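Chain residues, written in single-letter form:
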Amino acid sequence: MENLELHDIREKFLKFFESKDHLVHPSYSLIPKDDKSLLLIGAGMAPLKKYFTNEETPPAKRMTTSQKCVRTGDIDNVGKTQRHLTFFEMLGNFSFGDYFKSEAIHWAWEFLTEVMKLEKERLWVSVYEKDDEAYRIWNEEIGLPEERIVRLGKEDNFWELEVGPSGPDSEIHYDKGAEFGCGRPDCKPGCDCDRFLEVWNLVFTQFDKDEHGEYHPLPHPNIDTGMGLERIACIMEGVDSVYDIKAIRKIIDTVCEISNKKYGVNHDDDVHLRIIADHSRAITFLISDGVVPSNEGRGYVLRKLIRRASRHGMLLGIEKSFLETPVTEVIESWGRAYPELIENKKIILEVLNTEEERFQRTIFQGTELLNDKIKKLLTVGKKLMSGSDVFELYDTYGFPADLTGEILEEKGLKYNVEEFKKAMEEQRVRARLAKDKSDSGWKKDDTAEFDSEIGHFCGYEKDEVNTKITDLYFENKKVDELNAGEEGIVILDDTPFYGESGGQIGDIGTIKGDNFTLVVKDTKKTKEGLFLHIVEVKDGIAEKGTQVIAKIDSKRRDDIRRNHSATHLLHAALREVLGTHVHQAGSLVTEDRLRFDFSHFQAMKDDEIAGVEKIVNEKILEKLPVVTEIKSLQEAKAEGVMGLFESKYKDIVRVLKMGNYSMELCGGTHVGNTSEIGLFKIVSETGVAAGVRRIEAITGRAAYEYVVKNEELLYDISTALKTAKENIMTRIEEEQKLATEQRKEIESLKAKIAENVAGDLTDNIIEVQGIKVLAKVFDDVDTNELKTLADEIRNKQDNISVILASKHKDNVNLLVANSKSVVEKGLNAGNIVRKIAQALGGNGGGRPDMAMAGAKDVEKVTEVFKNIRDYINK
């Protein structure tokens, strides 16, 4: 057996199957493509599913991959056992209707015994109990003795879905030795002990299972195999734990160095180290594939992994952000096989550091509050924390419920999960209600229904059309007519009015008949596709069935077109500047601005904003043609079109192309050429939620008005500064320099005045119990001047307590300053100033040598200072 490391094994596996005429395909992204059933890729065959179901044609009939996978179902066991991982790689070879059992079995045996050089005597196999063909191949063609071939039932050796491809499988097991077994003479694969390690699973998908549970032979059966890279690496490196593989052990060593811990000395420390090592790999690959931390979906998986790893670092005694170190080790080690990790290193570390720092701010505050709640729980002898307490920590302080659960579990406590879920659902309901209450431009309640026939939208081509009123609604009820002054809803046979959808607001305009005029104040679109024209009858009586001329406000529509098309250019430019992790998270397109929400982990830098703005304007100047193509959703996906919210699209979609720069699914209205957008200007970039940023921008006429206003502002500034516009900054710098010099001169004069005043005040010094005391009240002197004056007096006089007050219109500032010898005698400036302030309706305090306070009772200041001896004596 060769002593091969993990990266060598991967390379040898892929080269071996390349020699067997397999296409070596790079690992697919962890983000599933066009598969809403999966959150993340968790198996080698998952990205190839549509090839097995014949929905798509594979690039080759024979393929091999080392597929990166993430599974979090057993996350609670990660680090606690020797084999559980959230991130792992699955080696696989696949046949789509090409070779079958004989080749799959022969090649698996050849790779393990001739390439990996495993001892044949240590290899056992299991087959499905009814699969005589596989049994025969292993026994007669490979020469494996019958006693090392185990027949097992469906639960062990048969792969199937509810409906679809299925078939028997054969597993190859490695015998670690009797010392790992249960001691029974009949111990073999299928036993619950640790002696036999499953190495490779060969799945023979030869059936198509129907909804009745019947199995029908496939005319072209497939092969799907999977071998865990970390598991075979354990065997090749001669270690019992995946965490002892050299590549993973190096990650652990980096954390040991930071934490000053030794691996293998303390059980709890080892668990923390293993969790950090595992999560570091998952974090690295998730971010590299475009996942950013968020509060839902795969973004939440990433956030959870970062926060768990960070917290386990804290449990090791690490008090600062540290995950960059183990993640850098992953990038450098796995970059050999995944060069994109090296290319994405900057973005990986930026996302990681931003999230880790954000979590550390949360954890310190949240842990303190949680500990208080735990203390109260234990005081009353309870072991179940209320779900409302956990919800409060989550909702108010951002402290994750799963983390609360982990901390409670460590202390032998739990929380009421159902109560927490109920509180979360109530919050979601409140959010929905708040959204429903927002003004949507027309009166609607949950029971409103529109059973009218859906008309045709012709607004892509026309701004004005002759059409017919097919239905009228008044207060959500069908009517035959609408009278002057009434507001209602009009349904048209054909309409040029765009109904609000996809972030684009609805059109306004007019609908005119022979004897009436309707002002269209807004246009909505129901989920069924019915266009609702929200109207007010300006004059006459509108009747159902009347022929009309429907005309949109074309000038307004043109402004909307510019903004909507600019949104697509903005999206592409953001991905170009920030990275492909950027995805649309929401948008609003109106006539006067555009708003675009997108996934990103931190505020954009000034140069990034400028870079995006420059790219969009360059694409406008390039006069890119804007073309819309109607095609099937499958065709669009095959072309690589970006679909932002795939579940809402129908089978036939509109693909919007802007030259070769942008290609997205969109049902909105757009310009015919990017040059029509005019000027694009970003006016703000802000955060709207964790992991979501927002850009607001303007185009066309609004951008021109923005430029004009700024020109006017520059003119006003230059006039005020009495200089030309191009010299404004030079003049400001001159004014700032002059102001700084004048401030210094003023401070110098104040110091001289204070020195003179200090000298004049020495006549006011009294003596109280052997201590010199100077008490003085001023009018409208700021606190800095009081401090300067007190320092001057202490410099001139030893063994003195200076007590000063400054009266203002509505308040009093107080200051007490003691020389060192006075402090040594036990006189505390903080205590004195507090007592005086309290007598004047205020409060304060400070150090024994210097303290300040504020008070409100201006009228009593003189009286209090007359009795200053009393405050010293006390």
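Since this is a predicted model, take the numbers as computed values, not measurements.

Here we look at the sheet that holds strand E26 (residues 652–658)
For step 1, the next point in the chain: Strand order across the open sheet formed by 3 strands is E25-E26-E27, with antiparallel pairing between neighbours. A strand with exactly one partner marks an edge of an open sheet, and here the two such strands are strand E25 (626–632) and strand E27 (662–665). Going across the sheet, the axis of each strand differs from the next one's by a mean of 25°, ignoring polarity.

Quick notes on the packing of helix H8 (residues 267–288) against helix H10 (residues 324–334)
For step 1, the next point in the chain: Between H8 and H10, the shortest axis-to-axis distance is 9 Å and the interhelical angle comes to 65°. You can see that H8 and H10 cross each other, and the crossing is right-handed. Residues Ile276, Ser280, Arg281, Ile283, Thr284 and Phe285 of H8 lie in contact with H10, whose contacting residues are Pro326, Val327, Val330, Ile331 and Trp334.

Quick look at a nonpolar patch on the surface
For step 1, the next point in the chain: Nonpolar side chains collect at one region of the surface, where Leu679, Val683, Tyr706 and Val707 lie side by side and expose about 290 Å² of accessible area between them.
For step 2, the next point in the chain: Mapped onto the secondary structure, Leu679 falls in the loop between E27 and strand E28 (680–689).
For step 3, the next point in the chain: The exposure class assigned to Leu679 is partly exposed, which follows from its relative accessible area of 35%.

As for the side chain of Thr699
For step 1, the next point in the chain: Position of Thr699 among the secondary structure elements: in strand E29 (residues 692–699).
For step 2, the next point in the chain: Among the residues examined, Thr699 registers a relative accessible area of 4% and is labelled buried.
For step 3, the next point in the chain: Sequence-distant contacts of Thr699, that is, excluding residues within four places in its chain, are made with Arg562, Asn563, Ala566, Leu594, Ile677, Leu679 and Phe680.

Points about the nonpolar core
For step 1, the next point in the chain: Counting 93 residues, the largest nonpolar core has Leu112, Trp138, Trp200, Ile232 and Trp334 as the members making the most contacts within it.
For step 2, the next point in the chain: Look past the residues within four positions of Ile232 in its chain and what remains in contact with it is Ile9, Leu112, Leu118, Val199 and Met227.

Side note on the pattern of salt bridges
For step 1, the next point in the chain: Applying the stated rule across the entire model yields 58 salt bridges.
For step 2, the next point in the chain: One salt bridge connects Glu622 with Lys619, and the closest N-O pair in it is separated by 3.5 Å.
For step 3, the next point in the chain: Residue class for Glu622 comes out partly exposed when judged on its relative accessible area of 43%.
For step 4, the next point in the chain: One network of salt bridges, in which partners are shared, links Asp8, Glu11, Lys15 and Arg336.

Brief notes about the pairing of strand E3 (residues 87–95)
For step 1, the next point in the chain: For E3, the buried fraction is high: 9 of the 9 residues fall into the buried class.
For step 2, the next point in the chain: Residues Phe87, Glu89, Leu91, Asn93 and Ser95 line one face of E3 and the alternating positions Phe88, Met90, Gly92 and Phe94 line the opposite face, and both faces are buried.
For step 3, the next point in the chain: The pairing of strand E2 (residues 62–70) with E3 spans 9 bridges and is antiparallel. Directly across from Met63, in E3, lies its bridge partner Phe94.
For step 4, the next point in the chain: When E3 meets strand E9 (residues 215–228), the two strands line up antiparallel, connected through 4 bridges. Looking at the pairing, Met90 lines up with Gly228 of E9.

Focus on the packing of aromatic side chains
For step 1, the next point in the chain: Taken as a whole and assessed by the stated rule, the structure comprises 27 aromatic pairs.
For step 2, the next point in the chain: Centroid distance Phe16 to Phe111: 5.4 Å. Interplanar angle 55°. Geometry classified as tilted. Highlighted residues: Phe16 in helix H1 (residues 6–18) and Phe111 in helix H3 (residues 101–115), separated in sequence by 95 residues. Each of the two residues, Phe16 as well as Phe111, counts as buried.
For step 3, the next point in the chain: The aromatic ring of Phe158 is capped on one face by Lys154, whose charged end is 5.1 Å from the ring centroid.
For step 4, the next point in the chain: Over the face of the ring belonging to Tyr661 we find Lys619, whose NZ or CZ atom lies 4.5 Å from the ring centre.

Here we look at the state of the cysteines
For step 1, the next point in the chain: Applying the stated criterion across every chain, the model contains 0 disulfides.
For step 2, the next point in the chain: Among the cysteines around Cys69, which has no disulfide bond, Cys234 carries the closest sulfur, lying 16 Å off.
For step 3, the next point in the chain: Look at Cys69 and you get buried, because its relative accessible area is 0%.
For step 4, the next point in the chain: Sulfur of Cys191: no disulfide; nearest cysteine sulfur belongs to Cys193 and is 3.6 Å away.

Things to note about the sheet that holds E29
For step 1, the next point in the chain: With antiparallel pairing, the 4 strands of this open sheet are ordered in space as E23-E24-E29-E28. Bordering the open sheet on either side are strand E23 (584–589) and E28, each of which pairs with just one other strand. Taking the axes of each pair of neighbouring strands and ignoring which way they run, one obtains an average angle of 15° across the sheet.
For step 2, the next point in the chain: One ladder, built from 5 bridges, connects E23 with strand E24 (residues 594–599); its direction is antiparallel. In the sheet register, Gly586 faces E24, and the bridge partner there is Asp597.
For step 3, the next point in the chain: Across the sheet, helix H16 (residues 554–578) is in contact with E23, E24, E28 and E29; its angle to E24 comes to roughly 25°.

What to know about the environment of Pro221
For step 1, the next point in the chain: Considering the arrangement of structural elements, one finds Pro221 in strand E9.
For step 2, the next point in the chain: When near neighbours in sequence (up to four residues on either side) are disregarded, Pro221 contacts Gly97, Asp98, Tyr99, Phe100, Thr205 and Gln206.

Brief notes about the pairing of strand E19 (residues 517–525)
Taken residue by residue, a regular strand's side chains alternate between the two faces of the sheet.
For step 1, the next point in the chain: As paired elements, strand E18 (residues 509–512) and E19 share 4 bridges and run antiparallel to each other. Of the residues in E19, the one forming a bridge with Ile511 is Leu518.
For step 2, the next point in the chain: Here E18 folds back onto E19 in antiparallel fashion, the turn holding 4 residues.
For step 3, the next point in the chain: Across 8 bridges, E19 lies against strand E20 (residues 531–539) in antiparallel orientation. Within the sheet, the bridge partner assigned to Asp522 lies in E20 and is Ile534.

Points about the side chain of Ser95
For step 1, the next point in the chain: As for its placement among the helices and strands, Ser95 is situated in strand E3.
For step 2, the next point in the chain: In this structure Ser95 comes out as buried when scored by relative accessible area, which is 0%.
For step 3, the next point in the chain: What Ser95 contacts, discounting residues up to four positions off in sequence, is Phe52, Lys61, Asn222 and Ile223.

Remarks on the packing of helix H7 (residues 246–259) against H8
For step 1, the next point in the chain: Two elements in contact, H7 and H8, have axes whose closest approach is 9 Å; the angle formed by their N-to-C orientations is 120°. One finds that H7 runs oblique with respect to H8. For H7 against H8, the interelement crossing comes out right-handed. Here Ile248, Ile251, Ile252, Val255 and Cys256 of H7 lie close against H8, whose contacting residues are Leu273, Arg274, Ile276, Ala277, Ser280 and Arg281.
For step 2, the next point in the chain: Looking at the contact of H7 with H8 residue by residue, the class counts come to 8 nonpolar, 1 polar and 2 charged.

What about H7?
For step 1, the next point in the chain: Compared with the 20 Å implied by 1.5 Å per residue over 14 residues, the 20 Å span of H7 between its first and last C-alpha is a close match.
For step 2, the next point in the chain: By the burial criterion, the buried members of H7 are Ala247, Ile248, Ile251, Ile252, Thr254, Val255, Cys256 and Ser259.
For step 3, the next point in the chain: The elements touched by buried residues of H7 are H1, helix H6 (229–237), H8 and H10.
For step 4, the next point in the chain: Note on H7: the residue one or two positions beyond its end, Asn260, has a positive phi of about 60°.

As for the environment of Leu144
For step 1, the next point in the chain: Note on placement: Leu144 falls in the loop between helix H4 (132–142) and strand E5 (149–152).
For step 2, the next point in the chain: Along the primary structure Leu144 and Thr53 are separated by 91 residues, whereas in three dimensions their C-alpha atoms are 33 Å apart.
For step 3, the next point in the chain: Discounting residues that sit within four places of it in the chain, Leu144 has contacts with Trp109, Leu123, Val125, Trp138, Asn139 and Ile149.

Considerations on the confidence of the model for the chain
For step 1, the next point in the chain: Taken over all residues, the pLDDT of the chain has a mean of 89, while the share at 70 or more is 95%.
For step 2, the next point in the chain: Scored below 50 in pLDDT, residues 434–447 shows 13 contacts in the model against residues more than four places distant or in partner chains.

Brief notes about H16
For step 1, the next point in the chain: Compared with an ideal rise of 1.5 Å per residue, which puts 25 residues at 36 Å, H16 spans 36 Å between its outermost C-alpha atoms and is within 8% of the ideal.
For step 2, the next point in the chain: Counting buried positions along H16 gives 18 out of 25 residues, so the element sits mostly inside the fold.
For step 3, the next point in the chain: At the N-terminal end of H16, a side-chain oxygen is found 3.3 Å from the backbone nitrogen of Lys555, two or three residues along, and the residue is Asp553.

A few points about the environment of Ile137
For step 1, the next point in the chain: In this structure, Ile137 sits in helix H4.
For step 2, the next point in the chain: Overall, Ile137 belongs to the buried group, its relative accessible area being 1%.
For step 3, the next point in the chain: Beyond its immediate chain neighbours, meaning those up to four positions away, Ile137 contacts Lys101, Ser102, Ile105, His106 and Ile142.

Concerning unusual backbone geometry
For step 1, the next point in the chain: For Asn260, which is not a glycine, the phi torsion comes out positive at approximately 60°.
For step 2, the next point in the chain: With respect to the helices, strands and loops of the structure, Asn260 is situated in the loop between H7 and H8.
For step 3, the next point in the chain: With a phi close to 55°, Asn799 is a non-glycine residue in the positive phi region.

Calculation notes
- Residues numbered from 1 in each chain as written.
- Predicted model: local features only at pLDDT ≥ 70, side-chain atom pairs only at ≥ 80, totals over all residues.
- Heavy atoms only, no water.
- Pairing = 2+ DSSP bridges.
- Helix = DSSP H or I, 4+ residues; strand = E, 2+ residues; numbered from the N terminus.
- Axes fitted to C-alpha atoms, helices over the stretch in contact; angles between N-to-C directions.
- Left-handed = near helix turned anticlockwise from the far one by under 90°.
- Contact = heavy atoms within 4.5 Å.
- Patch = residues over 30% accessible without salt bridge, like charges linked within 9 Å, V, L, I, M, F, W, Y side chains within 5 Å.
- Areas by Shrake-Rupley, 256 points an atom, 1.4 Å probe, with all protein chains shown as cover.
- Salt bridge = Lys/Arg side-chain N within 4 Å of Asp/Glu carboxyl O.
- Buried < 20%, exposed > 50% of the residue type's maximum accessible area, 1.4 Å probe, protein only.
- Core = buried A, V, L, I, M, F, W, Y, C linked by side-chain atoms within 4.5 Å.
- Phe/Tyr/Trp six-rings, centres within 6.5 Å; stacked < 30°, edge-to-face > 60°.
- Lys NZ or Arg CZ within 6 Å of the ring centre and 35° of its normal.
- Disulfide = S-S within 2.5 Å.
- Parallel < 35°, antiparallel > 145°, perpendicular 65-115°, else oblique.
- Nonpolar A, V, L, I, M, F, W, Y, C, P; charged D, E, K, R; others polar.
- Expected span 1.5 Å × (residues − 1).
- pLDDT = per-residue confidence, 0-100.
- Polar contact = N/O pair within 3.5 Å; in protein donor to acceptor, adjacent residues only side chain to side chain.

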